[in-house]
Amino acid sequence: MNIKEASLKWKIPERTIRYYCVQGLIEGAFKGIKSWYIPNNADKPSKGKMNSKPNLLQALKREKDSKLKGGIFHKLQVEMTYNSNHIEGSKLSKDETELIFETKTIGHAKTNLDIDDIIETSNHFKCINYVIDSCKKKLTEKYIKELHFLLKRSTSDEDVSWFNVGEYKKIPNEVGGRDTTNPENVHVEIEKLLFEYNSKKTIKIEDIIEFHVKFERIHPFQDGNGRVGRLIMLKECLKYNIVPILIQDDFKDFYYRGLREWDFEKGYLIDTCLYGQDIVKKYLEYFRIKY
């Protein structure tokens, strides 16, 4: 059956049936080129099932696979990509970011656009897709390097031999005037950090934040460490059914202070991250996603 036929059979509005299909509430329903198709023998969703809310990971996977626009997948893609890139200096506006996500095109409001900003925006969308599909995997060095490769692929950095896209840095770097791990020690420090993190019996949001701090202090890549680090936080939140953290560009000074002062006052960064989590909770409430 198509949506219209199911609507007539079950006496349910077409829009409602389409929503049930997207949320996976009708067994066997699948998305064709232009419409949803439902097995003739499919059961009408029960009232309990109709009123049930999907969790975030379920909703993200279904909306991503069905290419649904205007839902939680669309919202998080644009908000997380725009803010994470802007923290690192991207000049693209939120409207331009959303246009790239929706149409894979860019407007002409600006005469001078950095091609790397555009490529990294498109790549960041792909990184989030990858995180959604693979969030249940164990966090490993290979996984972290894959995120970096996806983020920096086809940028001008890939043309520079010493940059090492998808691999650890070759040249020492610093962040916010703070020394980071020397290139020759990165592998050992990341391996140590992952062993410590993966050995925990339970993972709480504070554990994810602490991993982020230590990861950023190692600063394993030549560039892209902040975005990769925030993508890792998204992955781990989805894996452990924790509401993700959205670090908004407007709050980057508080975010940087939290990273800088972690050894002396953990509350700075934890409060900033909890605020970012509250922003996402409002999105989830609007889209009726349980958490």
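Here the residue numbering is sequential within each chain, running from 1 through the sequence in written order. Reporting of local features is limited, given that this is a predicted model, to residues whose pLDDT is at least 70; pairs of side-chain atoms are given and counted only at 80 or more, and all residues count toward the totals for whole chains, interfaces and linings. Excluded from the side-chain calculations are hydrogens and water; all other atoms, namely the structure's heavy atoms, are used.

Trainee: Is there a simple way to explain helix α11 (residues 225-239) in this structure?
Mentor: Residues three or four positions apart in an α-helix share a direction because the helix packs 3.6 residues into each turn. Helix and strand assignments follow DSSP, with helices taken as H or I runs no shorter than four residues and strands as E runs no shorter than two, numbered in order from the N terminus. Here, expected helix span is obtained from the residue count minus one, scaled by 1.5 Å. A rise of 1.5 Å per residue sets the reference length of α11, with its 15 residues, at 21 Å; its end C-alpha atoms lie 21 Å apart and thus fit the reference within 8%. α11 sits mainly inside the fold: 15 of its 15 residues count as buried. Directly beyond the C-terminal end of α11, a positive phi value near 55° is found at Asn-241. Throughout this description, buried means an accessible area under 20% of the type-specific maximum (1.4 Å probe, protein chains only), exposed means over 50%, and partly exposed covers the range between.

Trainee: What's the story with the packing of aromatic side chains in this structure? I'm lost.
Mentor: Ring pairs (aromatic) are described by centroid distance and by the angle formed between their planes. Aromatic rings from Phe, Tyr and Trp, taking only the six-membered ring of Trp, are treated as a pair when their centres fall within 6.5 Å; an angle between ring planes under 30 degrees marks them as stacked, one over 60 as edge-to-face, and anything in between as tilted. Applying the stated criterion to the full structure yields 12 aromatic pairs. Ring geometry for Phe-101 versus Phe-125: centroids 5.0 Å apart, planes at 65°, classification edge-to-face. Residue Phe-101 is located in helix α6 (residues 94-103), and its partner Phe-125 is located in helix α7 (residues 115-134); the two are separated by 24 residues in the primary sequence. By relative accessible area, Phe-101 is classed as buried at 19%. For Phe-125, a relative accessible area of 6% gives the class buried. Both rings, one in Phe-251 and one in Tyr-275, keep their centres 4.7 Å apart while their planes meet at 35°; by these two values the pair is tilted. Taken together, the residues Phe-251 in the loop between α11 and α12 (252-260) and Tyr-275 in helix α13 (residues 267-286) connect sequence positions 24 residues apart. Aromatic ring contacts, followed pair by pair, group Phe-73, Phe-101 and Phe-125 into a single cluster. We count a charge as sitting over a ring when the NZ of a lysine or the CZ of an arginine lies within 6 Å of the ring centre and within 35 degrees of the ring normal. We note Lys-145 situated over the ring of Tyr-168; from NZ or CZ to the ring centre the distance is 4.5 Å.

Trainee: For this particular structure, what's the right way to read the nonpolar core?
Mentor: The tendency in soluble globular proteins is for nonpolar side chains to be buried as a group. Here, nonpolar core means buried Ala, Val, Leu, Ile, Met, Phe, Trp, Tyr and Cys residues that are tied together by side-chain atoms lying within 4.5 Å of each other. Ranked by internal contacts, the top residues of the largest apolar core, which has 64 residues, are Ile-72, Phe-215 and Leu-238. Setting aside chain neighbours within four positions, we find Leu-238 in contact with Leu-56, Leu-57, Leu-60, Val-131, Ile-132, Cys-135, Lys-136 and Pro-244. Among the nonpolar cores identified, the runner-up in size contains 15 residues, and Ile-12, Ile-17, Val-22 and Ile-26 belong to it. Working rule for contacts: check all heavy atoms of both residues, and any pair within 4.5 Å makes them a contact.

Trainee: Quick question: what am I supposed to make of the environment of Leu-150 here?
Mentor: Of note, Leu-150 is situated in helix α8 (residues 141-152). For Leu-150, a relative accessible area of 16% corresponds to the buried category.

Trainee: Even after reading the chapter, I still don't get empty space enclosed by the protein, so can you show me in this structure?
Mentor: Rolled over the atoms, a probe with the dimensions of a water molecule shows which regions are left empty. Points on a 1 Å grid over protein atoms alone make up a cavity when a 1.4 Å probe fits among them but cannot get out, and a pocket when they form an open set with protein on both sides within 12 Å along at least five of seven lines; lining residues each have an atom within 4 Å of a point. Grid points are joined across faces, edges and corners, and a volume is the space filled by probe spheres set on the points. In total, this model carries three cavities of 30 Å³ or more according to the counting rule given. The calculated volume of the largest cavity comes to roughly 120 Å³. Under the convention adopted here, Pro, Cys and the residues Ala, Val, Leu, Ile, Met, Phe, Trp and Tyr are nonpolar, Asp, Glu, Lys and Arg are charged, and Gly plus all remaining residues are polar. Here the residues of the lining of the largest cavity are counted per class, giving seven nonpolar, two polar and one charged.

Trainee: Explain the pattern of salt bridges to me, please; I cannot follow it from the model alone.
Mentor: When the charged atoms of two side chains with opposite charge come close together, those side chains can pair. Each salt bridge in this description consists of a side-chain nitrogen of Lys or Arg and a carboxyl oxygen of Asp or Glu lying within 4 Å of one another. In this structure the tally under the stated criterion is 18 salt bridges. We note a salt bridge from Lys-152 to Glu-120, for which the minimum N-O separation is 2.6 Å. Of this pair, Lys-152 sits in helix α8 while Glu-120 is found in helix α7, placing the two residues 32 residues apart along the sequence. As far as the burial class goes, Lys-152 and Glu-120 line up, both buried. Where Glu-120 meets Arg-227, a salt bridge forms, and the shortest distance between an N and an O atom there is 2.6 Å. Of this pair, Glu-120 sits in helix α7 while Arg-227 sits in helix α11, and the two are 107 residues apart along the sequence. In the salt-bridge network here, residues are joined through shared partners; they are Glu-120, Lys-152, Asp-157, Asp-223 and Arg-227.

That is the geometry; function is a separate question.
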